[in-house]
Amino acid sequence: MNLSSIMDFHNDGSPFDSEKNYNYTHFNDYLVHKSKQLYENKNWFLTQKEIEGIKKCQNFIEDDFFCNSLESSLVNIKKIDEVKIELNKLKSLLEDETEISDFSSIINTISNLIKELEVYEYHHFLEEIVENKLKEINSSSSNKKEIIELINIISSFSPLNYLIEIAKIRNKKEKTFFLFDLDATLFDNSPRVHKIINDFIKSFSDKYPEEIEKMKKIKRKDIVWGMKNILSDFGIDIKNEAFMSDVIKFWYLRFFSNSYIIDTPLKGSVDFIKKLEQTGTQIVYLTGRFESMREGTSRNIKEYGFPLDKNGTNLVLKPHNKIEDHVFKHTAMEDMRKFGNLIAGFDNEPINVNIFKQHFETSHIFFLETNHSPNPPNLIKNIHTIRNFVI
């Protein structure tokens, strides 16, 4: 496979790059619950656009609790904005060349501002960071730079940025690790799927001319979970048994092969992993890919500079295809403890993040809102939701 042919499938745009469209007519039960769960866990970073879109959904038209919850989220976003303003004032004061006589009052102000953020979903992240940072800062003017750095960390309001700081703190005291799924989590596998579709078009153009013409319109950005969903989105009859049999067989033999692993990192993941690695924490990959895919997976991981042990111990793959992903990940949980104390885990499947949280109750678990298999369970309490790894 030459480089130019691979790049064709990388340059067509990722399905995960586009903004989420919340202007649905109906929400299924999962999305209803997830959105309520975001409120209950005090995720105040639903944007005004999303709020207005969700409120238009028929499922929510008479749901006063939910609509009132969303309105109250705007109040708390305002509180965060107010804290940002106060932090910027402190920063400006510190950056001024004027000598500061009372650093303790600035430190107290920072502590009080953090208390005002109790409504913020990641307040407990900030508490740990600020508590540890302030222990390192005394009242001498030589620590002006450290206080400014702390203000910058707080003001980022980025949970991923906070995780990097937490890793720096904890890794001084204990052995730690971060746990990542691969497909639709750390990596975007749409180039792989798109290439399979295009190769199918080349191989079956004579046998299925009508279906092939429709398949030619599929772009990388159109890739969703499951071949049936992709095809039906383009008006292809998925009840055509002969056609679907050929499609699924063709897809299966290639999707789970080493040569077709041409995946690209999810947005922000390269930078995030690099910064985590610099803290000294270990990066562990737990994936539903088969052990037979180790060669291609290892190549892909190294290609983008992600850390991989010489003996591959931090890449944990499913032993065979006869075990379901969530069953495999459930059985693997206790073995993960050999890597140390888990700071955070990431997966795109609701059932898997639930498993992570059940086994590592005090760790920070994140659901990647990319794509996932149908009919997922509801997310359990205290699972965070992000769309990518942009800090």
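Data block above holds the structure.
Residues numbered from 1 in each chain as written. Predicted model: local features only at pLDDT ≥ 70, side-chain atom pairs only at ≥ 80, totals over all residues. Heavy atoms only, no water.

Within the protein, the secondary structure is distributed over 16 helices and eight strands. Counting the 391 residues in the protein, one finds 51% classified as buried. Taking the intrachain contacts of the protein between residues at least 6 apart in sequence as the baseline, contacts between residues at least 24 apart amount to 73%. In the structure as shown, the protein presents an accessible area of about 19,000 Å², 49% of it carried by carbon and sulfur atoms. (Helix = DSSP H or I, 4+ residues; strand = E, 2+ residues; numbered from the N terminus. Buried < 20%, exposed > 50% of the residue type's maximum accessible area, 1.4 Å probe, protein only. Contact = heavy atoms within 4.5 Å. Areas by Shrake-Rupley, 256 points an atom, 1.4 Å probe, with all protein chains shown as cover.)

A complete count under the given rule lists 25 salt bridges for this structure. A salt bridge links Glu291 to Arg294, with the nearest nitrogen and oxygen atoms 2.5 Å apart. Assessed through its relative accessible area of 24%, Arg294 is described here as partly exposed. What you see here is one network of salt bridges that share partners, running through Asp183, Arg192, Asp263 and Arg289. (Salt bridge = Lys/Arg side-chain N within 4 Å of Asp/Glu carboxyl O.)

Next up on the list: the packing of helix 15 (residues 325-336) against helix 16 (residues 350-359). Taken N-terminus to C-terminus, the directions of helix 15 and helix 16 make an angle of 20°; their axes are 10 Å apart at the nearest point. As the angle between them shows, helix 15 and helix 16 are arranged roughly parallel. When the axes of helix 15 and helix 16 are compared, the crossing they make is right-handed. The residues of helix 16 that touch helix 15, namely those facing His326, Lys329, His330, Met333 and Glu334, are Ile351, Asn352, Ile355, Phe356 and His359. Its residues placed into classes, the contact of helix 15 with helix 16 shows four nonpolar, four polar and two charged. (Axes fitted to C-alpha atoms, helices over the stretch in contact; angles between N-to-C directions. Parallel < 35°, antiparallel > 145°, perpendicular 65-115°, else oblique. Left-handed = near helix turned anticlockwise from the far one by under 90°. Nonpolar A, V, L, I, M, F, W, Y, C, P; charged D, E, K, R; others polar.)

Bringing the environment of Ile85 into the picture now. Tracing the backbone through its elements, the reader meets Ile85 in helix 4 (residues 64-95). The exposure class of Ile85 is partly exposed, given its relative accessible area of 47%. Linking Ile85 and Ser155, residues 70 residues apart in sequence, is a C-alpha distance of 9.3 Å.

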